[in-house]
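Chain by chain, the residues run as shown.
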Amino acid sequence: MRACIDIGGTKIAVALAPAGTGLAELVARRTEPTAKTGAPDALARQALRMVDEACAEAGITRAQLQATGVSACGPFALRDGQVELATPNICGGLAGPGRDAPNDWMQIPLQAPLAAALGTVHAQNDAVAALLAERRWGALQGLDHCAYVTWSTGVGVGLCVDGRVLRGKSGNAGHAGHSFSSDGPGDALCGCGNVGDVESLVAGSSMPRRFGHDAEQLVDAAKRGDAAAHAAVAGMCRVLGRMLYNLVATLDLQRISLGGSVFLHHQDYLLPPLQAEVSAHLPALTAGVQLVPAGLGLQVGDYAALAVASG
């Protein structure tokens, strides 16, 4: 068995998968809200407890795990070659009191404590991991110039150019969610400390502070014809759509797979304006470029961790 750990800014999911390289059925899956209080190692301890619970349900022990794959929201910081998280939607110390976070963490030890308990642990940025899964089993199969973008608690990007998945010096390639879109209104404070980056303007974590509603409430109101909600959603699609266009223009992509809870729960409403924003610019770069929902749907996070565990 392999352990699959998917860590997001809102929830953590753990499941087990049998050995092999194919799209395996996940067993003993469980989810919890992501730990954000106590000492910085609280998240690693939560993940280990959940792995133990999954193993008990499957009738195995930790020692019988062949490998562990971790798909985690970034950015990453490396300490002695091991991944620690400097994740804006978990580490409250990055933006300070302006975000009213429940902790003052700057970095979270992750790979080292997991490896000490579980043995071999592979870790990837969650968007990169989802890109691997989408290229192997989902909507990006057979493509050498593509991206995966998640619109969820945060905004994450995984990139593939000339058949090579981009990772960068610390595994942080693709953090376009923290690229600047504008000087930003005063309420557009990202968890990383930026004001006016893409994530601060459109991420699920930003919506209650900026608009007084979570993503579900805001998009549902827009669908019902609420003018203010429609304007808010249209503005967010314009910001995110421009980021997607910038990726296409910079990297000459063929297709972008879109996932994340904000997008996937409302894909029929959000996809057309996003595609229109990309297609509206410079046809030499954008003609034929497709935005598509993640082929693995709401399971893309689980299968992202499986792709990492599979090597």
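Keep in mind that this is a model prediction, so the values were computed, not measured.

Draft legend 1. View of the overall build of the chain. Looking only at helices and strands, the chain features 11 helices and 13 strands. In terms of overall size, the chain behaves like a compact globule, its C-alpha atoms giving a radius of gyration of 19 Å where 311 residues would be expected to give roughly 19 Å. Considering only C-alpha atoms, the chain reaches an extent of 55 × 45 × 40 Å along its principal axes. Buried residues in the chain amount to 55% of all 311 residues. Averaged over its 22 positive side-chain charges, the chain has a centre that lies 2 Å from the centre of its 27 negative ones.

Draft legend 2. Quick peek at the side chain of His 178. Tracing the sequence through the fold places His 178 in the loop between strand S11 (164-165) and helix H4 (198-202). Here His 178 falls in the buried class, since its relative accessible area comes to 15%. There is a polar contact of 3.2 Å between the side chain of His 178 and the side chain of Asp 197. When sequence neighbours within four positions are dropped, the list of residues in contact with His 178 reads Pro 88, Cys 190, Cys 192, Asn 194, Asp 197 and Glu 199.

Draft legend 3. Representation of unusual backbone geometry in the model. The peptide bond linking Gly 74 to Pro 75 adopts the cis configuration, its omega dihedral lying at 5°. Assignment of secondary structure puts Pro 75 in the loop between strand S4 (67-72) and strand S5 (76-79). Positive phi, normally seen in glycine, also occurs at Asp 162, with a value near 55°. Positioned with a positive phi, Asp 252 is a non-glycine residue whose angle comes to about 60°.

Draft legend 4. Structural detail: the sheet that holds strand S8 (residues 121-125). Read from one edge to the other, the open sheet built from 5 strands follows the order S3-S2-S1-S4-S8, with strand pairing classed as mixed. Of all the strands in the sheet, just strand S3 (27-33) and S8 have a single pairing partner and so form its edges. Strand-to-strand twist in this sheet, taken as the mean axis angle between neighbours without regard to direction, amounts to 15°. Direction of pairing for strand S2 (residues 11-17) relative to S3: antiparallel, over a ladder of 5 bridges.

Draft legend 5. Structural view of the pairing of S2. Burial analysis of S2 places 6 of its 7 residues in the buried class, which makes it a mostly covered element. Pairing analysis gives 6 bridges linking strand S1 (residues 2-7) to S2, with the strands arranged antiparallel. Paired with Asp 6 across the bridge in S2 is Ala 13. Turn length for the S1-S2 hairpin, with the two strands adjacent in sequence and antiparallel, is 3 residues.

Draft legend 6. Fine view of the environment of Leu 94. Mapped onto the elements of the fold, Leu 94 is located in the loop between strand S6 (82-85) and strand S7 (108-109). In sequence terms Leu 94 and Gln 107 are 13 residues apart; their C-alpha atoms lie 8.9 Å from each other. With near-sequence residues (within four places) excluded, Leu 94 lies in contact with Ala 86, Thr 87, Pro 88, Trp 105, Met 106, Gly 191, Cys 192 and Gly 193.

Draft legend 7. A look at the sheet that holds S11. Strand order in the open sheet made by the 5 strands is S11-S10-S9-S12-S13, with mixed pairing throughout. With partners counted over all chains shown, the strands left at the sheet margins are S11 and strand S13 (290-293), one partner each. In this structure, strand S9 (residues 146-151) lies alongside strand S12 (residues 255-259), joined through 5 bridges in parallel fashion. In the strand pairing of S12, Val 149 is matched with Leu 258. Packed onto the sheet, helix H3 (residues 126-137) meets S9, strand S10 (155-161), S11 and S12 and runs at close to 50° relative to S10. Its contacts with the sheet put helix H9 (residues 267-279) on S9, S12 and S13, and the angle it makes with S13 is roughly 165°.

Draft legend 8. Quick peek at the nonpolar core. Among the nonpolar cores identified, the biggest contains 41 residues, and Trp 151, Met 243 and Leu 244 are the most heavily contacted of them. Residue assignment for this core shows that the elements contributing at least two residues are S9, S10, H4, helix H6 (215-223), helix H7 (227-251), S12, helix H8 (261-264) and H9. Per-element accounting of this core gives the leading share, 11 residues, to H7. Core analysis: the second largest hydrophobic core is formed by 33 residues, Met 50, Cys 55, Leu 65 and Leu 114 among them.

Draft legend 9. Region of the structure containing the packing of helix H1 (residues 42-58) against helix H2 (residues 111-118). Between H1 and H2, whose axes approach to 9 Å, the crossing angle comes to 30°. Considering their axes alone, H1 and H2 lie roughly parallel with respect to each other. Considering only the axes of H1 and H2, their crossing is right-handed. Contact with H1, carried on its side by Ala 44, Ala 47, Leu 48 and Val 51, involves Pro 113, Leu 114, Ala 117 and Leu 118 of H2 and no other residues of that element. Of the residues contributing to the contact of H1 with H2, the split by class is 8 nonpolar, no polar and no charged.

Conventions we followed
Residues numbered from 1 in each chain as written. Predicted model: local features only at pLDDT ≥ 70, side-chain atom pairs only at ≥ 80, totals over all residues. Heavy atoms only, no water. Helix = DSSP H or I, 4+ residues; strand = E, 2+ residues; numbered from the N terminus. Rg over C-alpha atoms; globule rule 2.2 N^0.38 Å. Buried < 20%, exposed > 50% of the residue type's maximum accessible area, 1.4 Å probe, protein only. Lys, Arg positive; Asp, Glu negative; His and termini not counted. Charge placed at Lys NZ, Arg CZ, Asp CG, Glu CD. Polar contact = N/O pair within 3.5 Å; in protein donor to acceptor, adjacent residues only side chain to side chain. Contact = heavy atoms within 4.5 Å. Pairing = 2+ DSSP bridges. Axes fitted to C-alpha atoms, helices over the stretch in contact; angles between N-to-C directions. Core = buried A, V, L, I, M, F, W, Y, C linked by side-chain atoms within 4.5 Å. Parallel < 35°, antiparallel > 145°, perpendicular 65-115°, else oblique. Left-handed = near helix turned anticlockwise from the far one by under 90°. Nonpolar A, V, L, I, M, F, W, Y, C, P; charged D, E, K, R; others polar.

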